[in-house]
Amino acid sequence: MNISRRTLLSTLCQLAVLSALRISVAKAADSTDFPFTLGVASGDPWSDGFVLWTRLAPQPLEKGSGLDDALYSVTWEVASDENFQVIVRTGVVDAHPDLGHSVHVELNDLLPSRRYWYRFWHGSFVSTVGTVRTAPETMAEVNTLRIGVAGCQNYEHGFYTAYRYLSQEKDLDAIFHYGDYIYEGPEGKVARFVNRDGERVIIPTVRPHLGPEPTTIDAYRLRYAQYKKDEDLQAAHAAAAFLITYDDHEVDNNWAGDHDQDGTAPDQFLTRRYAAMQAWYENMPVRQEQMAKDGIVQLYRRLDYGRLLRIHLLDTRQYRDDQICDKSGDKNCRSQSELSKGSILGRRQHAWLADGLEDSYHWNLIAQQVVVSPFNPQESDSEQIAGSMDAWSGYPQSRQHLVKAIQDKNLSNVVISTGDVHQNIVLQLPARDDELDKNPVAAEFVCTSISSLGDGQDLKTKGPDFNKVLSRSPHMLYANGHRGYQVFSITANEWRTDIMKVDKISDRSGKLSVLQSFTVENGVPSIHRS
């Protein structure tokens, strides 16, 4: 066989590259530093598979995480038992430096409604073990599902005790994370809020951020590494598949489309947004479809759990118009006169959501980031609820489009899961903003934070007296400002939401209790206290 000189040189070059990579792999494998310091995770289960994630980081708080700018081989294993006596799938994948040496494995051809265990190997090192359950078959009848809800985990404001308890919940099928996985504030940023007595309170820094506010890929990688080193967060990831979205702090507070709150030129802000989205993908158990392409992340997507539940994961940041100004004199926002205009989802996502809402499923869960239901019009400008213009109240036309989509299909099985405001709020989404006590079309459960705003209290206020807001809002059944998470227990006939409270996060001694429970009967979108 004749081999051309060009082919020979090309082959020698490839062999040289492969040899160099093997040397890098051997070097890492011989290291005494454990490479799986950021844990393992799974996400987005389908009926025949899921995503597995890890990231090599022997020195996670150093640039490059202590690794050379090279490929490293990682072996993954999936077993049908926790002792790995029956390994059903295994393979080798490269951890690429351009992806922060993260690994995303997308599996299929597995059995539906089945629990599996997984782990990773690199050299002689083995990761911790995670467990994940596949979704049921398409339109299969399912007796029950249990889904946890969590988010808003400001590292500086407290420990992740709530995640420790969430990881111990029995038979979780998944955990919906509504966003604010990291916070972008610089080290030492002082946080304040107004308590229910009108007193200004400074939230103590329990454990400080490292470094300045991130704007580059390396800085965002460092911030994620600091968060993901937390053992309680790692335990939650290892316990169940995460259904991940993002909100604003993964990039910058209150960002909207190609605008930030500081008036940065859009092209400059988009450069930062791209770096943030790249780091988000590198650190989340999501599919390759969610990798940033040309600066855009395909975040909104659907997950089905047989006939029992269809989940619509939304993106309320990337396609929204710039926010309405909270008050006169605010800069870098749209005028109050434009309140009736503007979209929070964008035309294409609105149409996608409306098209996918179905009565062939027992329940439709709209899993998203910011409060959908309106608040009662305030008695004065000084009582404007902080952040309401950042939520769907700043985009009332979008809310009416959602209500119309529900009504057009005559649906009475819609539940909305929300976060963002660091408190639990239970609401009934009304058909009309001016008739809050009539014709609810959906139930909305707003989940409190894991740590943001510290230990919490019965009612968090920030500007107005929230007790007055409750008294003027007949569609608002409950509000509480303690830390914790929620658990949805779902059957064909009933949706139950348990609000779980952790009484302290300023140290690790916090105790868990059930704060309150609510139910929704299938076919009747009103909420009942259990």
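Here the structure is a predicted model, which is why all the values come from computation and not from measurement.

Draft legend 1. Broad picture of the state of the cysteines. Considering all chains together, one arrives at one disulfide under this definition. A disulfide-free cysteine, Cys152 has its sulfur positioned 8.6 Å from the sulfur of Cys447, the nearest such atom. Here Cys152 falls in the buried class, since its relative accessible area comes to 0%.

Draft legend 2. Structural detail: the pattern of salt bridges. This model, assessed by the stated rule, comprises 25 salt bridges. One salt bridge in this structure joins Arg133 and Asp173, with 3.1 Å as the shortest N-O distance. Residue Arg133 is located in strand 8 (residues 130-133), and its partner Asp173 is located in the loop between helix 2 (161-167) and strand 10 (174-177); the two are separated by 40 residues in the primary sequence. Asp173 carries the same exposure label as Arg133, and that label is buried. Residue Arg317 pairs with Asp390 through a salt bridge whose shortest N-O separation is 2.8 Å. You can see Arg317 sitting in the loop between strand 15 (309-313) and helix 6 (347-356) and its partner Asp390 sitting in the loop between strand 16 (363-367) and helix 7 (396-408), a full 73 residues away along the chain. No difference in accessibility class separates Arg317 from Asp390, as the two residues are buried.

Draft legend 3. Structural view of the sheet that holds strand 17 (residues 414-418). The strand order across the open sheet built from seven strands is 14-15-16-17-19-18-20, with neighbouring strands paired in mixed fashion. Only two strands of the sheet have a single partner each, and these edge strands are strand 14 (301-305) and strand 20 (476-480). Going across the sheet, the axis of each strand differs from the next one's by a mean of 20 degrees, ignoring polarity. Pairing of strand 18 (residues 424-430) with strand 19 (residues 440-446) involves six bridges; the strand directions are antiparallel. Following the sheet pairing, Val426 is matched in strand 19 by Phe445.

Draft legend 4. Quick peek at the packing of helix 3 (residues 217-228) against helix 5 (residues 266-283). Where helix 3 meets helix 5, the closest approach of the two axes is 9 Å, and the angle between their N-to-C directions is 35 degrees. Remark: the crossing between helix 3 and helix 5 carries right-handed chirality. Of the residues in helix 5, those touching helix 3 at Ile217, Tyr220, Arg221, Tyr224 and Lys228 are Arg272, Ala275, Ala276, Gln278, Ala279, Trp280, Glu282 and Asn283. Of the residues that constitute the contact of helix 3 with helix 5, the class distribution is seven nonpolar, two polar and four charged.

Draft legend 5. Highlighting the nonpolar core. Grouped together as the largest cluster of nonpolar side chains are 74 residues, with contacts concentrated most on Tyr163, Trp280, Leu309, Ile311, Phe445, Ile490 and Trp495. No other element matches helix 5, which puts seven residues into this core. Contacts of Ile311, omitting those with residues within four sequence positions, involve Ile147, Leu243, Arg301, Arg302, Leu303, Asp304, Tyr305, Leu365 and Ala367. Listed in part, the 33 residues of the second largest apolar core include Trp352, Ala391, Val421 and Ile425.

Draft legend 6. Here's a closer look at the environment of Ala479. Here Ala479 shows up in strand 20. Overall, Ala479 belongs to the buried group, its relative accessible area being 11%. Considering only alpha carbons, one finds Ala479 and Asn424, 55 residues apart in sequence, at a separation of 5.4 Å.

Draft legend 7. Quick peek at helix 6. Every buried residue of helix 6 is listed here: Gln349, His350, Trp352, Leu353 and Gly356. Mapping the buried residues of helix 6 onto a view down its axis gives an arc of 165 degrees, with all of them on the same face. Exposed residues on helix 6 whose side chains face more than 90 degrees from its buried face are Arg347, Arg348 and Asp355. At its buried positions, helix 6 is contacted by strand 14, strand 15, strand 16 and helix 7.

Draft legend 8. Fine view of helix 5. With 18 residues, helix 5 ought to run about 26 Å at 1.5 Å a step, and its terminal C-alpha atoms sit 25 Å apart, in line with that. Of the residues making up helix 5, those classed as buried are Phe269, Arg272, Arg273, Ala275, Ala276, Met277, Gln278, Ala279, Trp280, Tyr281, Glu282 and Asn283. In this structure, the buried side of helix 5 is in contact with strand 2 (49-55), strand 5 (102-106), helix 3 and strand 13 (242-244).

Draft legend 9. Fine view of the side chain of Asn283. Of note, Asn283 is situated in helix 5. Excluding anything up to four places from it in sequence, Asn283 contacts Trp53, Arg55, Tyr224 and Lys228.

Draft legend 10. Representation of the pairing of strand 18. When you tally the buried positions in strand 18, you get seven out of seven residues, the bulk of the element. Residues of strand 18 alternate between two faces, with Asn424, Val426, Gln428 and Pro430 on one and Ile425, Leu427 and Leu429 on the opposite face, all of them buried. Sheet analysis places strand 18 next to strand 20, joined by four bridges and oriented antiparallel. For Val426, the partnering residue across the bridge sits in strand 20 and is Tyr478.

Draft legend 11. Layout of the environment of Ser517. Checked against the element boundaries, Ser517 lands in strand 23 (residues 512-521). Given the relative accessible area of 6%, Ser517 is considered buried. For the pair Ser517 and Arg529, spaced twelve residues apart in sequence, the C-alpha to C-alpha distance is 6.2 Å. Within the local environment of Ser517, its side chain forms a polar contact with the side chain of Arg496, the two groups lying 3.2 Å apart.

Draft legend 12. Quick peek at the packing of aromatic side chains. The final tally for this structure, using the stated rule, is 18 aromatic pairs. Their ring planes at 55 degrees and their centres at 6.1 Å tell us that Phe50 and Tyr116 sit as a pair that is tilted. Of the two residues, Phe50 is situated in strand 2 and Tyr116 in strand 6 (residues 115-122); the sequence distance between them amounts to 66 residues. When sorted by exposure, Phe50 lands in the same class as Tyr116, which is buried. For the ring pair Tyr246 and Trp255, a centre distance of 6.3 Å and an interplane angle of 35 degrees mean the geometry is tilted. Judged by relative accessible area, which is 1%, Tyr246 ranks as buried. For Trp255, a relative accessible area of 0% corresponds to the buried category. Chaining the aromatic ring pairs together yields one cluster made of Tyr155, Tyr160, Tyr163 and Tyr227. Sitting over the face of the ring of Tyr116, Arg114 holds its NZ or CZ atom 5.7 Å from the ring centroid. Directly above the aromatic system of Tyr160 lies the positively charged group of Arg207, at a separation of 4.6 Å from the ring centroid.

Draft legend 13. The arrangement of the pairing of strand 2 in detail. Burial analysis of strand 2 places seven of its seven residues in the buried class, the great majority of the element. Side-chain alternation along strand 2 places Gly49, Val51, Trp53 and Arg55 on one buried face and Phe50, Leu52 and Thr54 on a second face that is also buried. Looking at chain direction, strand 1 (residues 40-46) and strand 2 are connected through five bridges and run antiparallel. By the bridge assignment for strand 2, Gly43 is matched with Val51. Counted along the chain from strand 1 to the antiparallel partner strand 2, the turn is two residues long. The pairing of strand 2 with strand 5 spans five bridges and is classified as antiparallel. Within the sheet, the bridge partner assigned to Arg55 lies in strand 5 and is Ser102.

Each value, and the rule that gives it
Residues numbered from 1 in each chain as written. Predicted model: local features only at pLDDT ≥ 70, side-chain atom pairs only at ≥ 80, totals over all residues. Heavy atoms only, no water. Disulfide = S-S within 2.5 Å. Buried < 20%, exposed > 50% of the residue type's maximum accessible area, 1.4 Å probe, protein only. Salt bridge = Lys/Arg side-chain N within 4 Å of Asp/Glu carboxyl O. Helix = DSSP H or I, 4+ residues; strand = E, 2+ residues; numbered from the N terminus. Pairing = 2+ DSSP bridges. Axes fitted to C-alpha atoms, helices over the stretch in contact; angles between N-to-C directions. Left-handed = near helix turned anticlockwise from the far one by under 90°. Contact = heavy atoms within 4.5 Å. Nonpolar A, V, L, I, M, F, W, Y, C, P; charged D, E, K, R; others polar. Core = buried A, V, L, I, M, F, W, Y, C linked by side-chain atoms within 4.5 Å. Arc of directions from axis to C-beta. Expected span 1.5 Å × (residues − 1). Polar contact = N/O pair within 3.5 Å; in protein donor to acceptor, adjacent residues only side chain to side chain. Phe/Tyr/Trp six-rings, centres within 6.5 Å; stacked < 30°, edge-to-face > 60°. Lys NZ or Arg CZ within 6 Å of the ring centre and 35° of its normal.

Just geometry here; none of it tells us what the structure is for.
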